[in-house]
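If you want the building blocks of each chain, they are given just below.
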2 protein chains.
Amino acid sequence: MSGLAREDYLADIYRLQCERPKDPVSTGSVADRRGVTAASATAMFKRLARDHLIVYRNYGGVTLTPEGEDLALGVVRRHRLVERFLADVLHIPWQQVDAYADQMEHALPDEVVDRMEALLENPYTCPHGYPIPDKHGHLAQPHLVLLRDLPLGETVRVARVNERVPGLLPYIEELGLMPGSLLRLTGRNPIDLNVTIEAGGQEHILGLRVSEALWVEPTEAKG
Amino acid sequence: MSGLAREDYLADIYRLQCERPKDPVSTGSVADRRGVTAASATAMFKRLARDHLIVYRNYGGVTLTPEGEDLALGVVRRHRLVERFLADVLHIPWQQVDAYADQMEHALPDEVVDRMEALLENPYTCPHGYPIPDKHGHLAQPHLVLLRDLPLGETVRVARVNERVPGLLPYIEELGLMPGSLLRLTGRNPIDLNVTIEAGGQEHILGLRVSEALWVEPTEAKG
DNA sequence: CAAGCGTTTTAGACGCGGCTAAAACTCTTT
DNA sequence: AAAGAGTTTTAGCCGCGTCTAAAACGCTTG
Ligand SMILES: [Mn+2]
Ligand SMILES: [Mn+2]
Ligand SMILES: [Mn+2]
Ligand SMILES: [Mn+2]
């Protein structure tokens, strides 16, 4: 079968690739994400390249091959679907489901994943707003805007919260800014890049760390 | 964390211990069950003994320590609960849930297991009739009789089917003898040890391989 | 353009969990 | 009591996935 570590590497490479699709993913970024040394990442890259799952150029980072991307998408699919399942069916708080899904994503047979998907009625996203690939690896890419880059005034809907920012989810919940909630950007400080928003009748000041981790979508047709 | 192989060894030692609680579990029986060589089992025994999970006497087999038994019961609990979940919630056929649970049992966080248990309303047994340990490792041991040893005439309820006998489950389903069904032992051939039963208005002849794998319980108070 | 610094790779080590082949043991059988 | 058969252990090997320490690389900067 797959090998736990392999799958985590592939999925992390995929996620890093998404963040900056231009250039190859560096050894260091993968090592950081995975919490291993750069030497360990290099060793894994050699095994993955040997198995044609990534293209690895010495000192030049890695890129997923089509087969590698297929596997990565499978892991991401299992991860996000099981998150949805944990949150919606077992009522586990959304702050915890990422960690649990990280454990479970490697041990779910296809049939189990497919039945979960049916039970959940084919959800589009995980509880944090990331899209769920379908069983062929296709995934919808909606047009979202980082809160950091949102123009003032418009009322928008929170669509996605970066689940990997330490401590962010409980904070977002405290502020009532979970995916689905509405907010309006009321100000932006050009010096410290703080933004001011209005949501649920309250004003909040958010730092760059937060406004860089929140994606929103327009509530009306954009014209 | 736990280590996949370790957990499977511990659970298999536990299950073999249950079958013959008298004497220690032999290297060969564990190797057979696990599908590895005896040499591999010996090597694992040394690691488990080093970690005080089993008592290992050279050429004398192994026994679980209290800590080892705790861990084993945890694995068995996760296995049987997830079987119930797969069968009852995801409607996966009972012939397949054992294999799937074998994969999943190592990756289920405690909170997930506990929530599944609550969702299922604290089931007593897995879909094949084996008892589910509670979260403290306690498990009910009902008084069951092997069909092989059942006296003639009495009408009884099927309580447990050995899920590890190759090909047995589909056969049992074909005959309509799933746990919960009623049957009556109508004859026993002392030469070949075949038994004749009546169930659902039909007569069936069952070989020893089957009658040794079916447990039944009385339907009335025994007196 | 050479130095220096941060990144990456190599070298060498370790524990896990598997294997094969050979040696050691135990138990039965003559 | 010795032999033989079957079981178990040892010895030696391998790949995975991690580590540390040292060497190699490449990019920026004086
Ligand atoms: Mn993972
Ligand atoms: Mn998520
Ligand atoms: Mn297992
Ligand atoms: Mn079962």
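Residues numbered from 1 in each chain as written. Chains lettered and ligands numbered in written order. Predicted model: local features only at pLDDT ≥ 70, side-chain atom pairs only at ≥ 80, totals over all residues. Heavy atoms only, no water.

### A few points about the protein's contact with DNA strand D
And step 1. As a structural note, the neighbourhood of DNA strand D is formed by 23 residues, with Ser40(A), Gly28(B), Thr42(B), Lys46(B) and Tyr56(B) the closest of them.
And step 2. Restricting attention to atoms of DNA strand D within 4 Å of the protein, one finds that 80% of them are sugar or phosphate atoms.
And step 3. Side-chain polar atom of Tyr59(A) to a sugar or linking oxygen of DNA strand D: 3.5 Å apart, as the coordinates give it.
And step 4. Between DNA strand D and Lys46(B) there is a distance of 2.3 Å, counted from a phosphate oxygen to a side-chain nitrogen or oxygen.
And step 5. For the surface near DNA strand D, the elements supplying multiple residues, two or more each, are helix H1 (4-19) and helix H3 (38-50) of chain A together with helix H2 (27-34) and helix H3 (38-50) of chain B.
And step 6. For the surface near DNA strand D, the element with the highest residue contribution is H3(A), accounting for six residues. (Near = heavy atom within 4 Å. Polar contact = N/O pair within 3.5 Å; in protein donor to acceptor, adjacent residues only side chain to side chain. Helix = DSSP H or I, 4+ residues; strand = E, 2+ residues; numbered from the N terminus.)

### Considering the layout of surface pockets
To locate leftover empty space, one rolls a probe as large as a water molecule over the atoms.
All names here are of chain A.
And step 1. Roughly 940 Å³ of internal volume is contained in the largest pocket.
And step 2. At five residues, the largest contribution of residues to the lining of the largest pocket is made by helix H4 (residues 66-88).
And step 3. Class assignment for the residues of the lining of the largest pocket results in 14 nonpolar, nine polar and 13 charged. (1 Å grid on protein atoms, 1.4 Å probe; cavity = no way out; pocket = protein on both sides within 12 Å on 5 of 7 lines; lining within 4 Å. Points joined across faces, edges and corners; volume = space filled by probe spheres on them. Nonpolar A, V, L, I, M, F, W, Y, C, P; charged D, E, K, R; others polar.)

### Regarding the domain arrangement of chain A
Residues and elements named next belong to chain A.
And step 1. Each domain of chain A was delimited in the assignment, giving domain 1 (3-64), domain 2 (75-140) and domain 3 (145-218).
And step 2. On the domain 2 side, the residues contacting the six residues of domain 1 number seven residues.
And step 3. Interface area lost by domain 1 to domain 2 is led by Glu7, Tyr14 and Arg15, which between them contribute 65%.
And step 4. Applying the counting rule to domain 1 against domain 2 returns one salt bridge.
And step 5. When the shortest N-O distance is used, the salt bridge between Arg78 and Glu7 registers 3.1 Å.
And step 6. Scanning the region where domain 1 abuts domain 2 turns up three residue pairs in polar contact (both at pLDDT 80 or more).
And step 7. For the side of domain 1 that touches domain 2, the class distribution of residues is three nonpolar, no polar and three charged. (Domains from an automatic or database assignment. Contact = heavy atoms within 4.5 Å. Buried area = accessible area lost by both parts, 1.4 Å probe. Salt bridge = Lys/Arg side-chain N within 4 Å of Asp/Glu carboxyl O.)

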